[in-house]
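# Fold and geometry: a report
So you can see what is in the structure, the chains are spelled out below.
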Amino acid sequence: MPELPDVEGFKRELAGNALRKTIARVEVSDARILGKLSARTFASRLRGAKLVAVHRHGKHLMARMDHGGWLTLHFGLSGALQFVPSRAEEPPFTRVRLDFADDGGLAYTNKRMIGRVGLAADAADFIVEEKLGPDALDRLFDFAAFKAAVRGVKRDAKSVLMDQEIIAGIGNIYSDEILFQARINPAARMDRLAPAELRRLFRKMRAVLETSAGLLLPERRKGGRCPRCRSLLKVFKVGGRTAYCCRRCQGC
Ligand SMILES: [Zn+2]
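My aim in this report is to walk through the structure given alongside it, one point at a time. This is a predicted model, so every value here is computed, not measured. All residue numbers here refer to positions counted from 1 along the written sequence of the relevant chain. Under the rules for a predicted model, residues below a pLDDT of 70 receive no local features and side-chain atom pairs below 80 are neither given nor counted, while totals for whole chains, interfaces and linings still include all residues. The side-chain values count all of the structure's non-hydrogen atoms but skip hydrogen atoms and water molecules.

### Side note on the state of the cysteines
Note that a disulfide, as used here, is simply two cysteine sulfur atoms within 2.5 Å. Tallied over the entire structure, the rule returns 1 disulfide. Linked covalently through their sulfurs, cysteine 245 and cysteine 252 form a disulfide whose S-S length is 2.1 Å. Residues cysteine 245 and cysteine 252 are joined by a disulfide whose S-S torsion is about -120 degrees; by sign, that bridge is left-handed. The burial state of cysteine 245 is the same as that of cysteine 252; both residues are buried. Partly exposed describes any residue whose relative accessible area lies between the buried limit of under 20% and the exposed limit of over 50%, with all areas from a 1.4 Å probe on protein chains only and scaled to the type maximum.

Listed below in structure tokens is the structure:
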């Protein structure tokens, strides 16, 4: 399930292979991914254009077109973006492909079809329309802003971290990792965390997302053990989502 660190990877893929190249052909193999937008409108806006800049906000990617407007990409549960050289085979589950005039193309793949490819007139307006909170790694989203965003939210810490309207970018997997690193019970009420816990949570959120080399991730399975104390992980539901948590380290 693509979360902030994964989408950051797709951003690098696009920035490294697809900028300032003329889009010669647009192929939409499953128009459901476009929602209400027609494949014809989508293709006519992109054909002949160049992508000139790419911006990530939370789990969304936005690429600016040279003649105005933005291509928007959301990856849902199983989406991905990859550059495909001209002679390479098309990756499985390709839903949208942009072929460049010189060489290769950009393939948006999505097995489960949850996600969205679209167009937006303005990136800032798009973020407002999608009701996205500040990006978890935005430089301006410092501890004071984090505290202000979560202050008084009377819900469990895991749900609050995953709420895209409060903080954009974190999903089920990275919320577990961040809480594990911060040694906080996923079911603990956000508004009842001690100031020191809140500060630790913010620091670990930044650290985990920046390095995305967390310790809990490989153990997030049935029978997984705590990487810190090796005790068996507890698996339970928090806010309707499955959480992995160490009883001893996080007190869950
Ligand atoms: Zn432990």
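### Observations regarding the pattern of salt bridges
Any carboxyl oxygen of Asp or Glu that lies within 4 Å of a side-chain nitrogen of Lys or Arg is treated as forming a salt bridge with it. Evaluated as defined, the whole model comprises 13 salt bridges. One salt bridge in this structure joins arginine 25 and glutamate 27, with 3.1 Å as the shortest N-O distance. Among the residues examined, glutamate 27 registers a relative accessible area of 29% and is labelled partly exposed. Residue arginine 220 is joined to aspartate 176 by a salt bridge in which the shortest nitrogen-to-oxygen separation is 3.0 Å. Residue arginine 220 is found in the loop between α7 (195-211) and β9 (234-238), and its partner aspartate 176 is found in helix α6 (residues 172-182); the two are separated by 44 residues along the sequence. Grouping residues by exposure puts arginine 220 and aspartate 176 together as buried. Here the residues in one salt-bridge network are Arg25, Glu27, Glu90, Arg97 and Asp99, joined through shared partners. Under the scheme used here, helices are H or I runs from DSSP no shorter than 4 residues and strands are E runs no shorter than 2 residues, and both carry numbers assigned from the N terminus.

### What about the sheet that holds strand β5 (residues 79-84)?
Strand order in the open sheet formed by 4 strands is β1-β6-β7-β5, with antiparallel pairing between adjacent strands. In this open sheet, the two edge strands, each paired with only one partner strand, are β1 (23-28) and β5. On average, each strand axis in the sheet is inclined to that of its neighbour by 15 degrees, with strand direction left out of account. Pairing geometry for strand β6 (residues 94-100) and strand β7 (residues 105-110), over 5 bridges, is antiparallel. The residue bridging arginine 97 from the neighbouring strand is alanine 107, located in β7. Along the sheet, helix α1 (residues 4-17) makes contact with β5, β6 and β7, crossing β5 at roughly 25 degrees. Its contacts with the sheet place helix α2 (residues 39-46) against β1 and β6, and it is angled at close to 165 degrees to β1. Any two strands with at least two DSSP-identified bridges between them are counted as paired. The convention used is that axes are lines fitted to C-alpha atoms, helices contributing only their stretch in contact, and that angles between N-to-C directions extend from 0 to 180 degrees. In what follows, residue pairs with any heavy atoms lying within 4.5 Å of each other are defined as contacts.

### Things to note about the side chain of arginine 56
In this structure, arginine 56 sits in strand β2 (residues 51-57). With a relative accessible area of 9%, arginine 56 lands in the buried category. Polar contact criterion, stated in full: a pair of N or O atoms within 3.5 Å, where within protein one must be able to donate a hydrogen and the other to accept it, and residues adjacent in sequence count only if both atoms are side-chain atoms. Polar contacts involving the side chain of arginine 56 include one to the main-chain carbonyl oxygen of glycine 58, which spans 2.9 Å. There is a polar contact of 2.6 Å between the side chain of arginine 56 and the side chain of aspartate 135. Residue contacts for arginine 56: discarding those within four places in its chain leaves Leu4, Val7, Glu8, Lys11, Leu61, Asp135 and Leu137.

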